[in-house]
Protein chains: 2
Amino acid sequence: MSMVKVCAFSVSLDGFGAGSRQDIQNPLGVRGLELHDWFFNTVVFKKMHGLTGGSQGIDNDFAARSFDNVGAWILGRNMFGPIRGPWADDSWRGWWGEEPPYHVPVFVLTHYARPPLRMEGGTTFFFVTEGAEAALQEAKAAAHGQDVRIGGGVATIRHYLTAGDIDELHLAFSPVVLGEGEHLFTGIHLPNLGFKPVQTTAGEQATHVILQRC
Amino acid sequence: MSMVKVCAFSVSLDGFGAGSRQDIQNPLGVRGLELHDWFFNTVVFKKMHGLTGGSQGIDNDFAARSFDNVGAWILGRNMFGPIRGPWADDSWRGWWGEEPPYHVPVFVLTHYARPPLRMEGGTTFFFVTEGAEAALQEAKAAAHGQDVRIGGGVATIRHYLTAGDIDELHLAFSPVVLGEGEHLFTGIHLPNLGFKPVQTTAGEQATHVILQRC
C-alpha cells in the first residue's frame, strides 16, 4: 500500500517545526537549524552531501528510513527557496545545488507558474499552481505506487494533515526550545484526525515518534 | 541553594498538561490520566499508595527524584479538588484520602478562605487567598531552606513561569496526543525566560527533560 507520509520532521520540545524570520541566511528561520542537529550528524546526511564520517546509530537509522520507498516529494514554496511573489527569472534553482538529494519528481506548491526544472541525479522540480490537492494527485501518479513524502514546511504539513491526506508522521523531537516560529500542532486535533503514536525511540540526539492514522 | 521547581510534570507530545473537561470523574480532564501512565507504574507511586510491585527503572528514578528535598508544595485549587466557587463546607479534604503523599506544608491557591487542614503524615493544606506571589513567599518560609515544588496544574505553572519564579522544570513527555485540553506552553517564550534543556533521558514509558534557567 502506498502512503502519504511525513518523515524525519524535526520539532522543538515546545512544538515548533521552524524558527521565526526565515530568509536567505536562515532558511529554517532563526535557530531553526538547531532542530536538525541529530540529522546533520548522521552518515546518511554526510554522504548525501559528499562528505565522509557521521554517526551510525539510531538517528542514522531513522534518517535512512526517511528516504525508503519515496516515489515523489511535495514541498511548500518556502522549502524550495527564499523568493516571495512572482519568479523574477529562473536563476533560483533550490537550496541544494545542481544535484539535489531527492532523485525523484518533486512538486513545489506555488502561486506562480514556472517550467519544470530538471536537475542532475534524477530530481525534477515541478511547480504546481492548481493547489495542494492537485499537487498530491500529480505526486501520487508520479510516484508509481511508491510513497509520497510531504517534505514541509510547517504550513504545508498542517494543510495536508487537516485535509486528512497523511497516513504516517515521523517526528524527531529535538532537545531544544524555540519560544517562537512556526508551530506544528496549534489548532490541530490529532486524535480527531485519527492519529496516535505507535512507536517512540530514543536516538542519540532526538526522540523519534511515529504517529499513524488508525 | 533552595529552588522553586516543577517536577515530574507530564505532558503530551502535542503539549497538553491536562485533558479537557475536568470533573470529579476526570480529575485530570478527559484522557488526562494517560499522561501519567509512566508514573503510575513505578515503585515510588505504588508505595505511596500502600501497594507493592512496580517498575524500578529510569521512570522510577525520576519519580523518586521528584520528591527529593521538597520543603513545601504549591497547588492550584483544581489540583486540590473539583469544587468551584465558595466552599460549601469543609467536607472536601483533597483527592488523596486522610494521608496525602506530601508530608510537608501544601499551599493551595484559592479565592475563598478556609482554615488550614491538618492531615495525617505531616501534610497541612493552607488556603492562600492573597495571590500566587504571597503563596510563594509563604511556601519559601515554610520550606526552611528546602525547595518549593509547584505541583500544578497547568495554569499555576504558567503563572509562575511567566512571573520568572521557576528555576527548574522536569517534564515527562508521554507518548500520547490529546488534541485538546490545557496547553502548557502556548504563548510562553521559554528561551526569553532564560530556559534551556540541560538533560534528556529516555525512560521506559516517558522521555524526561530537565530545563533550567541559565
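What counts and how
Residues numbered from 1 in each chain as written. Chains lettered and ligands numbered in written order. Predicted model: local features only at pLDDT ≥ 70, side-chain atom pairs only at ≥ 80, totals over all residues. Helix = DSSP H or I, 4+ residues; strand = E, 2+ residues; numbered from the N terminus. Expected span 1.5 Å × (residues − 1). Buried ≥ 20, exposed ≤ 12 C-beta atoms within 10 Å, placed from the backbone. Arc of directions from axis to C-beta. Contact = placed C-beta atoms within 7 Å. Nonpolar A, V, L, I, M, F, W, Y, C, P; charged D, E, K, R; others polar. Core = buried A, V, L, I, M, F, W, Y, C linked by C-beta atoms within 7 Å. Pairing = 2+ DSSP bridges. Axes fitted to C-alpha atoms, helices over the stretch in contact; angles between N-to-C directions. Least-squares fit on C-alpha atoms with pLDDT ≥ 70 in both.

A.B. asks: Provide a residue-level description of helix α5 (residues 132–143) of chain A, including the pertinent values.
C.D. replies: All names here are of chain A. For α5, built from 12 residues, the straight-helix expectation of 16 Å at 1.5 Å per residue is met to within 8% by its first-to-last C-alpha distance of 16 Å. The complete set of buried residues in α5 reads Ala135, Leu136, Ala139 and Ala143. Projected down its long axis, α5 shows its buried positions confined to an angular sector of 100°, all on one face. Close packing links the buried residues of α5 with β3 (70–76), β4 (105–109), β6 (124–128) and β7 (147–152). His144 sits one or two residues past α5 and shows a positive phi near 50°.

A.B. asks: Explain the interface of chain A and chain B to me, and be specific about the residues and the numbers.
C.D. replies: At the junction of the two partners, chain A supplies 23 residues and chain B supplies 23 residues. If you tally residues by element for the side of chain A that touches chain B, the top one is strand β10 (residues 195–202) of chain A, at 5 residues. Within the side of chain A that touches chain B, the residues separate by chemical class into 13 nonpolar, 7 polar and 3 charged.

A.B. asks: So, the nonpolar core: which residues are in play, and what are the values?
C.D. replies: Nonpolar side chains in soluble globular proteins tend to be buried together. Counting residues in each nonpolar core, the largest one holds 112 residues, and the members touching the most others are Ile74, Phe107 and Val108 of chain A together with Ile74, Phe107 and Val108 of chain B. Not counting the four nearest positions on each side in its chain, Val108 of chain B is found in contact with Leu75, Arg77, Phe80, Phe125, Phe126, Phe127 and Val128 of chain B.

A.B. asks: Can you tell me about the sheet that holds strand β10 (residues 195–202) of chain B, naming the residues and giving the values?
C.D. replies: Residues and elements named next belong to chain B. The strand order β5-β6-β4-β3-β7-β1-β8-β11-β10 describes an open sheet built from 9 strands, whose pairing is mixed. Whereas interior strands pair on both sides, the edge strands pair on one side only; in this sheet they are β5 (117–118) and β10. Sheet topology note: the β10/strand β11 (residues 207–213) ladder contains 7 bridges and is antiparallel. Across the sheet, residue Phe195 finds its bridge partner in β11, namely Arg213. Across the sheet, helix α5 (residues 132–143) touches β3 (70–76), β4 (105–109), β6 (124–128) and β7 (147–152), and the angle it forms with β3 is around 160°.

A.B. asks: Account for the relation of the copies chain A and chain B, naming residues and giving values.
C.D. replies: Take chain A, turn it by 180°, move it 0.0 Å along the axis, and it overlays chain B with an RMSD of 0.0 Å. Both copies are brought into coincidence by an operation consistent with a two-fold rotation axis. When each C-alpha of chain A is compared by its distance to the rotation axis, Ala202 of chain A comes out closest, at 3.0 Å. A shared binding surface is used by both copies, with 100% of the interface residues of chain A retained as interface residues in chain B.

A.B. asks: So, unusual backbone geometry: which residues are in play, and what are the values?
C.D. replies: A cis amide bond links Gly152 of chain A to the next residue, Gly153 of chain A, at an omega of -5°. Here Gly153 of chain A is to be found in the loop between β7 and α6 (154–162). Phi angles above zero are rare outside glycine, and Arg21 of chain A is one such case at about 60°. Located in the positive-phi region is Ala8 of chain B, a residue other than glycine, with phi close to 55°. Position of Ala8 of chain B among the secondary structure elements: in strand β1 (residues 4–11). C-beta crowding within 10 Å serves as the criterion here: with 24 such atoms nearby, Ala8 of chain B is assigned to the buried category.

A.B. asks: Outline the pairing of strand β8 (residues 168–174) of chain A, listing residues and values.
C.D. replies: In the case of a regular strand, side chains alternate between the two sheet surfaces. Residues and elements named next belong to chain A. The buried fraction of β8 is high, at 5 of 7 residues. Judged from the 6 bridges that link them, strand β1 (residues 4–12) and β8 form a sheet pairing that is parallel. Paired with Val11 across the two strands is Phe173, which belongs to β8. For β8 and strand β11 (residues 207–213), the ladder comprises 6 bridges, and the chain directions are antiparallel.

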